[in-house]
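Residue-level listing of the chains:
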Amino acid sequence: MTSFDVIVVGGGPTGLSAAITTARKGLNTLVLEEHPEIGHPLACGEGISADKLFSLENMPKPNENIDKEALRLQNQGSFVERAVNAQRFFFGTKGVATANISTFTINRPLFDKFMAKNAQQTGVELLLKTQVIAIERISKGLLVKTTNKDHTANIVIGCDGPSSHTVRMMGLHPPAEYVQGVEYKIQGIYTDALDFYFNFKKFPSMHYGWVFPKKLHTNIGVVVKPASKPMQILREFIKSLNNKEIESATVVQKIAGIIPASGPIPKNYSANFMAAGDAAGLTNTIFYGGISIGIHSGMLAGQVAIEAHEMGKFNEEQMVKYHEKCQSSPYTDPIIQHAHDILYNKFTANEVETFGSWVDGWDITTLNTFQKTRLFLKALLKPTMLKKFRDARIIAHGFSKSRDWGF
Ligand SMILES: Cc1cc2nc3c(=O)[nH]c(=O)nc-3n(C[C@H](O)[C@H](O)[C@H](O)COP(=O)(O)OP(=O)(O)OC[C@H]3O[C@@H](n4cnc5c(N)ncnc54)[C@H](O)[C@@H]3O)c2cc1C
């Protein structure tokens, strides 16, 4: 049995970010990952905000040199696949709102591998093929039982993704709701924007469908309600795009995963423990992006772990500081969950289309006073929608809050 200052469960972006943060300050840090390879299996649309990619601490930087391992995966360039400066939001057939956010599509397995390499260079010990099966309290810290050796630590950071077991092992409540995401990676490029389709008339079980251009491929996926048939909906969604080339394109990879959809879990800490990223329900529940949020929340957990070691205090009083830091971060703003509830649960398909027709042609993430006034005037002309005017404003507000932290 080996003792560590910090054990991180999960070698995704959240866990690697937490580990980089603590190892950088000299804490003896171990990452445990159940899969044999970092970045696999892939479950991601691979879209990310350029602002976050360049500004967020612990993000791998796109200009890092490619090493042999990376070259094996991708023969040219870095993990950045394509710079995309426009987003389009299709609301049924009635309106197309836009956003001009600088984003990238990435090669996510490569991205995660860059983070892992950075973590190891910082001094992190990384154990693959090691699944955490139990966490027990001992007199000094936590005992982490795995499919291989057991380890102890003063602090465990649970970054084990959407179906987190560490959260349950520590007696905390996991996210109450999830959505399912499925995607085909197809050969060829069919759009120059990140396209989002909100088509509730045709697809009542779908939250949205996406078409993201990469370097040589396109990611086409759907996020659907639980207990619906994701692959069938994806195939129908592809047909609904009315593009014969897309329909006949070679599918090079099929991807599936779940995403927390109920917002941050009510309590993400206990003595000696913090949960971050998807494990703590920290995703944007309008667009379901979680890479940047995971990297940021992992960093916050790492910072609190450092402070705890400096003070020699690992009790709840210390760990609550992490919860407070998360709560004051923009991605936990309740307006995002509120907008999610209205868009996906409260508005009818007709109301979503009407909303789309109101914002047609506008950058929905930066509505100005003139546009807000026009929105109100349009609502005045349609008495059934006047009552929904506040809700429409909340959706627009949620979209604008998601500018940096959506994907
Ligand atoms: C279809 C789909 C499309 C998406 N598209 C986007 C997008 O375009 N942009 C975006 O920002 N986000 C997207 N997301 C969300 C994003 O992928 C996640 O938010 C992100 O991966 C969260 O990172 P994480 O490190 O918290 O969790 P994960 O990436 O899930 O990493 C958790 C790690 O923990 C490991 N693990 C789990 N249990 C154990 C255990 N008991 N012991 C040891 N290891 C364990 C897992 O193997 C995994 O490697 C998408 C998600 C899906 C499903």
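This is a predicted model, so every value here is computed, not measured.

**Side note on the overall build of the protein chain**
No. 1: A tally of helices and strands in the protein chain yields 14 helices and 18 strands.
No. 2: Dimensions of the protein chain, computed from the C-alpha atoms along their principal axes, are close to 70 × 45 × 35 Å.
No. 3: Contacts in the protein chain between residues far apart in sequence, at least 24 positions, make up 73% of those at least 6 positions apart.

**Remarks on the nonpolar core**
No. 1: In this structure, I7, A119, V156, I157, M274 and A276 are the most contacted members of the largest nonpolar core, which totals 122 residues.
No. 2: No other element matches helix α8 (residues 291-311), which puts nine residues into this core.
No. 3: Residues in contact with A119, not counting those within four places in the same chain, are L16, A19, I20, A23, V31, V124 and L126.

**A look at the site of the ligand**
No. 1: Lining the immediate surroundings of the ligand are 39 residues, of which G12, G161, G181, G277 and G290 lie closest.
No. 2: Of all the secondary-structure elements, those providing two or more residues to the shell around the ligand are α1 (13-24), β3 (47-49), β12 (178-187), β16 (251-260) and α8.
No. 3: Grouping the amino acids of the shell around the ligand by side-chain chemistry returns 14 nonpolar, 19 polar and six charged.
No. 4: Two domains each put at least three residues into the shell around the ligand: domain 1 (2-82 + 104-176 + 262-332) and domain 2 (178-260).

**What to know about the sheet that holds β12**
No. 1: Taken in spatial order, the seven strands of this open sheet run β6-β5-β13-β14-β15-β12-β16, and their pairing is mixed. Either end of the sheet is taken by a strand with one partner, and the two such strands are β6 (95-99) and β16. Strand-to-strand, the axes of this sheet are offset by a mean angle of 15 degrees, without reference to chain direction.
No. 2: Examined bridge by bridge, strand β13 (residues 194-198) and strand β14 (residues 206-213) share three bridges and lie antiparallel to one another. Considered in β14, the bridge of F196 is made with W210.
No. 3: Running at roughly 135 degrees to strand β5 (residues 87-91), helix α11 (residues 349-358) makes contact with β5, β6 and β13 of the sheet.

**Side note on the pairing of strand β11 (residues 151-158)**
Both faces of the sheet carry side chains from a regular strand, because those side chains alternate between them.
No. 1: Counted residue by residue, β11 has seven buried out of eight residues, so it is predominantly covered.
No. 2: Pairing of strand β1 (residues 2-9) with β11, which is carried by seven bridges, proceeds in the parallel orientation. Bridge pairing in β11 places S3 opposite T152.
No. 3: When strand β10 (residues 142-146) meets β11, the two strands line up antiparallel, connected through three bridges.

Cut-offs applied
Residues numbered from 1 in each chain as written. Predicted model: local features only at pLDDT ≥ 70, side-chain atom pairs only at ≥ 80, totals over all residues. Helix = DSSP H or I, 4+ residues; strand = E, 2+ residues; numbered from the N terminus. Contact = placed C-beta atoms within 7 Å. Core = buried A, V, L, I, M, F, W, Y, C linked by C-beta atoms within 7 Å. Buried ≥ 20, exposed ≤ 12 C-beta atoms within 10 Å, placed from the backbone. Near = placed C-beta within 6 Å. Nonpolar A, V, L, I, M, F, W, Y, C, P; charged D, E, K, R; others polar. Domains from an automatic or database assignment. Pairing = 2+ DSSP bridges. Axes fitted to C-alpha atoms, helices over the stretch in contact; angles between N-to-C directions.

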